Amino acid sequence: MMQRRILLAATSAGLATSAVGLANLGANAQPAGPYTLPPLPYAPDANEPSIDALTMTIHHDRHHAAYVANLNAALKDHGQLSALPVDQLLARLNEVPDTIRTAVRNNGGGHANHSMFWLVMGGKGGAPTGPLAEAITRDFGGLTALQTAFNRAGLGQFGSGWVFVTVDRAGKLALIARPNQDTPLSEGGRVLFGNDVWEHAYYLKYQNRRADYLTAWWNIVDWTKIAVRYDEARTGTLTI
Ligand code: MN3
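Calculation criteria
Residues numbered from 1 in each chain as written. Predicted model: local features only at pLDDT ≥ 70, side-chain atom pairs only at ≥ 80, totals over all residues. Heavy atoms only, no water. Salt bridge = Lys/Arg side-chain N within 4 Å of Asp/Glu carboxyl O. Buried < 20%, exposed > 50% of the residue type's maximum accessible area, 1.4 Å probe, protein only. Pairing = 2+ DSSP bridges. Helix = DSSP H or I, 4+ residues; strand = E, 2+ residues; numbered from the N terminus. Axes fitted to C-alpha atoms, helices over the stretch in contact; angles between N-to-C directions. Donors = N, O, S within 2.8 Å, 3.2 Å for Na, K, Ca; no water.

Student: Could you give me a rundown of the pattern of salt bridges, with the residues and numbers involved?
Tutor: A full pass over the atoms with the stated rule returns 10 salt bridges. Taking the shortest distance from any N to any O, the salt bridge between Arg 178 and Glu 187 comes out at 2.7 Å. Of the charged contacts in the structure, one is a salt bridge between Asp 212 and Arg 209, with a shortest N-O distance of 3.2 Å. Asp 212 gets classed as partly exposed once you look at its relative accessible area, which sits at 39%. Here the salt bridges share partners, and the residues they tie into one network are Arg 138, Asp 139 and Lys 172.

Below, the structure is given as structure tokens:
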């Protein structure tokens, strides 16, 4: 087990370096932070069969790592901005200089969106209980209705993007889709959970069958963790 962990860590480091290389950064220009890639909170195969281990590994170790590296690179001369937690950075995009605003929007959004994404998976699907279940019934007419609308929004998102369920301080839920790495965090909102509909999230296993991916994704959602996020939203402590 320990050997496997070391191997995984070594592989992650190598892939992160490759991602930086792809961003056309010289080795000496690689920023050390301040934003960092959070570890996957479970083994790469924890979401099988809905999401295969190879997709999880590439998605986390290469795609997410690249967003982090590119965000750090964009902000390397902007210490005051890069001192902000990523959710606050995204909420203050209008204060980011024009020259780096698009890079911060795309890569900061990518960092926040993927950090959220790993956290809401690793479960066994099913249905939520308690206040979250009541909110879903109140705002969507029930879990099945939410899942139908969510999958439709994900399928209807042309090109790359995300589907989110947002939550406000009163616990009110809403469904939105956004292109690219745009996030409700840049619109003063909070994300309860969301699914990544970029092809890199599903193409190895599902190819062009995004609808099948959207359906299977519900089987590995962790409603316990989402319920904690729901409570945090209502107490004002939910970040990414
Ligand atoms: Mn992605």
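Now that the structure has been shown, we can carry on.
Student: Now, about the sheet that holds strand E2 (residues 173-179): what can you tell me, with residues and values included?
Tutor: Think of a sheet as strands paired side by side through backbone hydrogen bonds, with each pair either parallel or antiparallel. Here we have three strands laid out as an open sheet, ordered E2-E1-E3, and antiparallel in their pairing. Every other strand in the sheet has two partners, leaving E2 and strand E3 (191-196) as the edge strands with one partner each. Taken pair by pair, the neighbouring strands of this sheet meet at an average axis angle of 20°, ignoring direction. Both strand E1 (residues 161-167) and E2 contribute to a ladder of seven bridges, which runs antiparallel. In the sheet register, Trp 162 faces E2, and the bridge partner there is Arg 178.

Student: Explain the coordination of the manganese ion residue by residue, including any values.
Tutor: Coordination sphere of the manganese ion, protein contribution only: His 59 (NE2), His 114 (NE2), Asp 196 (OD) and His 200 (NE2), at 1.9 to 2.2 Å. Mapping the donors of the manganese ion onto the primary sequence gives the spacing H-x54-H-x81-D-x3-H. Pair noted here: His 114 is in helix H5 (residues 98-119) and Asp 196 is in strand E3, with a separation of 82 residues, a long-range link. In this structure Asp 196 comes out as buried when scored by relative accessible area, which is 0%.

Student: Kindly report on the pairing of E3, identifying the contributing residues and their values.
Tutor: Taken residue by residue, a regular strand's side chains alternate between the two faces of the sheet. Among the six residues that make up E3, six are buried, leaving the element largely enclosed by the rest of the structure. As judged from the five bridges shared by E1 and E3, these two strands associate in the antiparallel manner. Within the sheet, the bridge partner assigned to Val 163 lies in E3 and is Asn 195.

Don't take any of this as a statement about function, it's just geometry.
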